[in-house]
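Residues per chain are reported as follows:
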Number of protein chains: 2
Amino acid sequence: MHGYQSRESERLRDQAGALVDLLHSDTRYPPGSQVLEAGCGVGAQTITLARNSPHARITSVDVAADSLKEARTRVEGAGITNAEFRQADIFALPFDPAFFDHIFVCFVLEHLSRPLDALAKLKAVLKPGGTITVIEGDHGSAYFHPESHAARAAIDCLVELQRTRGGNAMIGRQLYPLLSAAGFDAVHVSPRMVYVDSSRPDLVEAFTKRTFTAMVEGVRDSAISAGLARPEAFDAGIRDLYRTSESDGVFCYTFFKALGTKR
Amino acid sequence: MHGYQSRESERLRDQAGALVDLLHSDTRYPPGSQVLEAGCGVGAQTITLARNSPHARITSVDVAADSLKEARTRVEGAGITNAEFRQADIFALPFDPAFFDHIFVCFVLEHLSRPLDALAKLKAVLKPGGTITVIEGDHGSAYFHPESHAARAAIDCLVELQRTRGGNAMIGRQLYPLLSAAGFDAVHVSPRMVYVDSSRPDLVEAFTKRTFTAMVEGVRDSAISAGLARPEAFDAGIRDLYRTSESDGVFCYTFFKALGTKR
């Protein structure tokens with residue numbers, strides 16, 4: 001049993017790894033380059049970022065001290081030595097103009113009410129010729145089989161809550177116009193679609209259930225408190241999301257990755 | 001002016017070509033193999049299919065005599081010699097059991113009220129070890145920026161009209177469960193996402209405007225006659241779809257391609 005569970009969690013890790021690869025594998029920074037990770041949160045992306053560019057120097061900033069503390073613990077625990085942390089607000093960055101060779105931003109713009117202003121602030125600390133990489137999800141890109149109005153309504157609760165907090169849960173599709181409007185050059189956006197059917201049971205588990213549905217389920221109380229859904233309706237939506245993880249179910253979601261250059 | 005227009009239509013052809021490649025490029029049949037194209041319509045896919053497998057023998061069938069006539073003219077005009085046409089109903093195929101080495105079905109299941117029965121009929125004329133390839137769109141996979149309720153309502157008219165006629169405009173996402181339920185083995189589905197922003201003006205023209213929006217626009221009168229939309233509302237939706245083709249617009253759509261094997 002224990003052996004089975006080990007193999008099982010190993011496979012789940014591999015599948016989570018497949019998602020990490022989908023988003024990160026084409027981001028590698030040259031030795032010696034100064035890279036800013038803006039909005040690192042608890043460091044969920046920092047380990048991958050630092051490992052994929054072992055000779056780059058990563059500076060990871062976040063506005064929240066408690067997140068930074070967790071990030072530091074996590075990254076040190078992973079034996080990463082090329083990332084350092086600093087508490088900073090994206091809108092008031094404590095760096096010299098044009099200090100960084102490259103900038104990396106993942107799952108951050110979705111939370112900001114002024115993403116264009118944030119991009120302008122980031123651009124200011126980027127060297128001419130340097131790149132910015134932005135990765136965001138898009139909850140409006142989620143669709144599934146069996147189709148379900150209840151599931152869609154539950155997802156809409158998440159979108160609406162994020163909007164109420166000033167964010168945009170459907171920002172992924174907007175990366176091209178945003179980076180273009182911020183004045184970045186040669187903007188290129190590539191969608192990274194996650195397609196899950198039951199031929200990939202590990203991805204069903206790692207993405208459909210433990211990532212997406214768990215995320216929607218996580219806003220249950222907030223959505224109900226905010227009057228966005230009745231408990232029974234929300235729970236029916238969650239059941240329908242789990243229903244898409246059965247043998248005849250299908251789940252689709254798309255992340256967007258943008259690359260732009262500062263003139 | 002003429003020179004410009006020639007270059008322009010050449011570029012449009014190239015971009016339409018990019019879409020054809022996206023769907024067809026990985027379908028190549030061995031020399032001498034007998035391939036059934038089921039539901040060839042006016043032969044829109046037949047030329048590509050036959051050209052990509054020049055030494056396979058393609059038999060293209062459709063239930064509609066007038067479509068077949070157009071297909072024959074078009075395919076002969078293209079100098080294709082390895083495709084022949086035959087009028088036949090997918091539900092009453094005039095072929096011996098296990099006659100074909102491979103089967104190809106593109107944009108057909110979406111029109112059928114009993115797609116699973118159709119797959120069973122097709123399976124009967126396929127040799128053990130032979131493959132079926134199915135390509136379908138999914139209108140529920142369309143999303144865009146700027147977001148628009150009116151545009152979404154116009155698309156829903158198309159989905160609803162197709163449903164009224166017994167079809168399913170969102171069948172793409174269901175290919176895995178359908179082929180599995182039909183008893184095909186080793187079913188593998190790969191989504192083919194079309195992502196369009198203004199860095200690809202030719203794709204904006206060829207896909208967002210001339211393919212998708214034109215298709216929705218094409219059901220205007222039927223949708224209004226059927227009472228699915230008021231003219232002003234529908235037209236607002238079409239305007240909003242064209243709006244996604246402007247410089248800050250983005251359009252996303254996903255086709256699904258499935259491959260299965262007969263045991």
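Everything that follows concerns the structure shown earlier in this document.
Residues numbered from 1 in each chain as written. Chains lettered and ligands numbered in written order. Predicted model: local features only at pLDDT ≥ 70, side-chain atom pairs only at ≥ 80, totals over all residues. Heavy atoms only, no water.

Colleague: Outline the overall build of chain A, supporting the account with residue identities and numerical values.
Modeller: Scanning chain A for helices and strands turns up nine helices and eight strands. Compactness check: chain A gives a C-alpha radius of gyration of 19 Å against a globular reference of 18 Å for 263 residues, within 12% of the reference. Dimensions of chain A along its principal axes, counting C-alpha atoms only, are 55 × 45 × 35 Å. Residues counted as buried form 52% of the 263 residues belonging to chain A. For chain A, long-range pairs separated by at least 24 residues make up 79% of all intrachain contacts whose partners lie at least 6 apart in sequence. Side chains of chain A carry 29 positive and 32 negative charges; the gap between the two charge centres is 4 Å. (Helix = DSSP H or I, 4+ residues; strand = E, 2+ residues; numbered from the N terminus. Rg over C-alpha atoms; globule rule 2.2 N^0.38 Å. Buried < 20%, exposed > 50% of the residue type's maximum accessible area, 1.4 Å probe, protein only. Contact = heavy atoms within 4.5 Å. Lys, Arg positive; Asp, Glu negative; His and termini not counted. Charge placed at Lys NZ, Arg CZ, Asp CG, Glu CD.)

Colleague: Now, about the interface of chain B and chain A: what can you tell me, with residues and values included?
Modeller: Taken together, the 26 residues of chain B in the interface contact 26 residues of chain A. For the chain B and chain A pair, buried surface summed over both sides reaches about 2000 Å², with 67% attributable to carbon and sulfur atoms. By the criterion of area lost to chain A, the three top residues of chain B are B:Tyr143, B:Arg173 and B:Tyr176, representing 31% of everything that side buries. For the interface between chain B and chain A, the tally reads two salt bridges. Note that B:Arg173 is salt-bridged to A:Glu147, the shortest N-O span being 3.0 Å. Among the secondary structure elements, those contributing two or more residues to the side of chain B that touches chain A are β6 (143-145), α6 (175-181), β7 (185-197) and β8 (250-261) of chain B. Classifying every residue of the side of chain B that touches chain A by side-chain character gives 13 nonpolar, eight polar and five charged. (Buried area = accessible area lost by both parts, 1.4 Å probe. Salt bridge = Lys/Arg side-chain N within 4 Å of Asp/Glu carboxyl O. Nonpolar A, V, L, I, M, F, W, Y, C, P; charged D, E, K, R; others polar.)

Colleague: Just give me the short version of the relation of the copies chain B and chain A, but keep the residues and values in it.
Modeller: It takes a turn of 180° to lay chain B on chain A, together with a shift of 0.0 Å along the axis; the resulting RMSD is 0.0 Å. With respect to symmetry, the two chain copies, as superposed, fit the operation of a two-fold axis. A shared interface surface links the copies, since 100% of the contact residues of chain B are contact residues in chain A too. (Least-squares fit on C-alpha atoms with pLDDT ≥ 70 in both.)

Colleague: Requested: an account of helix α9 (residues 231-243) of chain A, with residues and values cited.
Modeller: Residue and element names in this part refer to chain A. Along its 13 residues, α9 runs 18 Å from first to last C-alpha, staying within 8% of the 18 Å computed at 1.5 Å per residue. Every buried residue of α9 is listed here: Phe234, Ala236, Gly237, Ile238 and Leu241. Packing partners of the buried residues in α9 comprise β6 (143-145), α5 (149-164), α7 (201-217), α8 (220-225) and β8 (250-261). (Expected span 1.5 Å × (residues − 1).)

Colleague: Which residues make up the pattern of salt bridges, and what are the values?
Modeller: A side chain with one charge may pair with a side chain of the opposite charge, provided their charged atoms come close. Scanning the entire structure with this criterion turns up 33 salt bridges over all chains. When the shortest N-O distance is used, the salt bridge between A:Asp185 and A:Arg263 registers 3.0 Å. One end of the pair, A:Asp185, is in strand β7 (residues 185-197); the other, A:Arg263, is in the segment after β8, and 78 residues separate them in sequence. Given a relative accessible area of 63%, A:Arg263 falls into the exposed group. Its salt-bridge partner being B:Arg230, residue B:Glu232 comes within 2.7 Å of it at the nearest N-O pair. Using a relative accessible area of 53% as the deciding quantity, one classes B:Arg230 as exposed. Each of A:Asp138, A:Arg173, B:Glu147 and B:Arg152 takes part in one network of salt bridges that share partners.

Colleague: I'd love a proper account of the pairing of strand β4 (residues 100-106) of chain A, names of residues and values included.
Modeller: All names here are of chain A. A large share of β4 lies buried, amounting to seven of its seven residues. Where strand β1 (residues 34-38) meets β4, three bridges bridge the pair, whose relative direction is parallel. Bridged to Leu36 within β4 is Ile103. The pairing of β4 with strand β5 (residues 126-136) spans six bridges and is classified as parallel. When the bridges of β5 are listed, Val105 appears paired with Val134. Taken together, β4, helix α4 (residues 115-124) and β5 form a β-α-β motif whose crossover is right-handed. (Pairing = 2+ DSSP bridges. Right-handed = clockwise from strand over helix to strand, strands pointing away.)

Colleague: Any chance you could break down the pairing of strand β2 (residues 57-62) of chain A for me, citing the residues and the numbers?
Modeller: Residues and elements named next belong to chain A. Most of β2 is tucked away, with five of its six residues classed as buried. Chirality of the crossover, the property in question, places the unit of β1, helix α2 (residues 46-52) and β2 among those that are right-handed. Here β2 pairs with strand β3 (residues 83-87) via five bridges, running parallel. Paired with Asp62 across the bridge in β3 is Gln87. Considered for its hand, the β-α-β crossover made up of β2, helix α3 (residues 65-77) and β3 is right-handed.

Colleague: If you had to explain the nonpolar core to someone new, which residues and values would you point to?
Modeller: Core analysis: the biggest nonpolar cluster contains 72 residues, and A:Leu36 and B:Leu36 have the highest contact counts within it. Those residues in contact with A:Leu36 that lie beyond four places of it in its chain are A:Thr59, A:Val61, A:Leu93, A:Phe95, A:Phe100, A:His102, A:Ile103, A:Phe104, A:Leu122 and A:Val125. (Core = buried A, V, L, I, M, F, W, Y, C linked by side-chain atoms within 4.5 Å.)

Colleague: Describe the packing of α5(A) against α9(A), with residues and values.
Modeller: Residues and elements named next belong to chain A. α9 packs onto α5 with a crossing angle of 110° between their chain directions and a minimal axis gap of 7 Å. Relative to α9, the element α5 lies roughly perpendicular. Contact residues: α5 offers Ala150, Ala151, Ala154, Ile155 and Cys157, while α9 offers Ala233, Phe234, Ala236, Gly237, Asp240 and Leu241. Grouping the amino acids of the contact of α5 with α9 by side-chain chemistry returns nine nonpolar, one polar and one charged. (Axes fitted to C-alpha atoms, helices over the stretch in contact; angles between N-to-C directions. Parallel < 35°, antiparallel > 145°, perpendicular 65-115°, else oblique.)

Colleague: Describe α5(A), listing the residues and the values that go with them.
Modeller: All names here are of chain A. In this model α5 runs 22 Å from its N-terminal to its C-terminal C-alpha over 16 residues, within 8% of the 22 Å that 1.5 Å per residue would give. Residues Ala151, Ala154, Ile155, Cys157, Leu158, Val159, Leu161 and Gln162 constitute the buried set of α5. In this structure Ser148 caps α5, since a side-chain oxygen of it lies 3.2 Å from the backbone nitrogen of Ala150. Where α5 terminates, the next one or two residues include Gly166, which has phi positive at roughly 95°. (Polar contact = N/O pair within 3.5 Å; in protein donor to acceptor, adjacent residues only side chain to side chain.)

Colleague: How would you sum up the packing of aromatic side chains? Please name residues and give values.
Modeller: All names here are of chain A. The final tally for this structure, using the stated rule, is 26 aromatic pairs over all chains. By way of ring pairs, the aromatic residues Phe107, Phe144, Phe207, Phe212, Phe251, Tyr253 and Phe255 are connected into one cluster. A cation sits over an aromatic face here: Lys123 above Phe184, 5.9 Å from the ring centre. (Phe/Tyr/Trp six-rings, centres within 6.5 Å; stacked < 30°, edge-to-face > 60°. Lys NZ or Arg CZ within 6 Å of the ring centre and 35° of its normal.)

Colleague: If you had to explain unusual backbone geometry to someone new, which residues and values would you point to?
Modeller: Of note, the bond from A:His145 into A:Pro146 is cis; its omega dihedral lies within 30 degrees of zero at 0°. Tracing the backbone shows A:Pro146 in the loop between β6 and α5. A positive phi angle, close to 60°, is found at B:Phe107, a residue other than glycine. Tracing the backbone shows B:Phe107 in the loop between β4 (100-106) and α4 (115-124). Residue classification places B:Phe107 among the partly exposed positions, given a relative accessible area of 25%.

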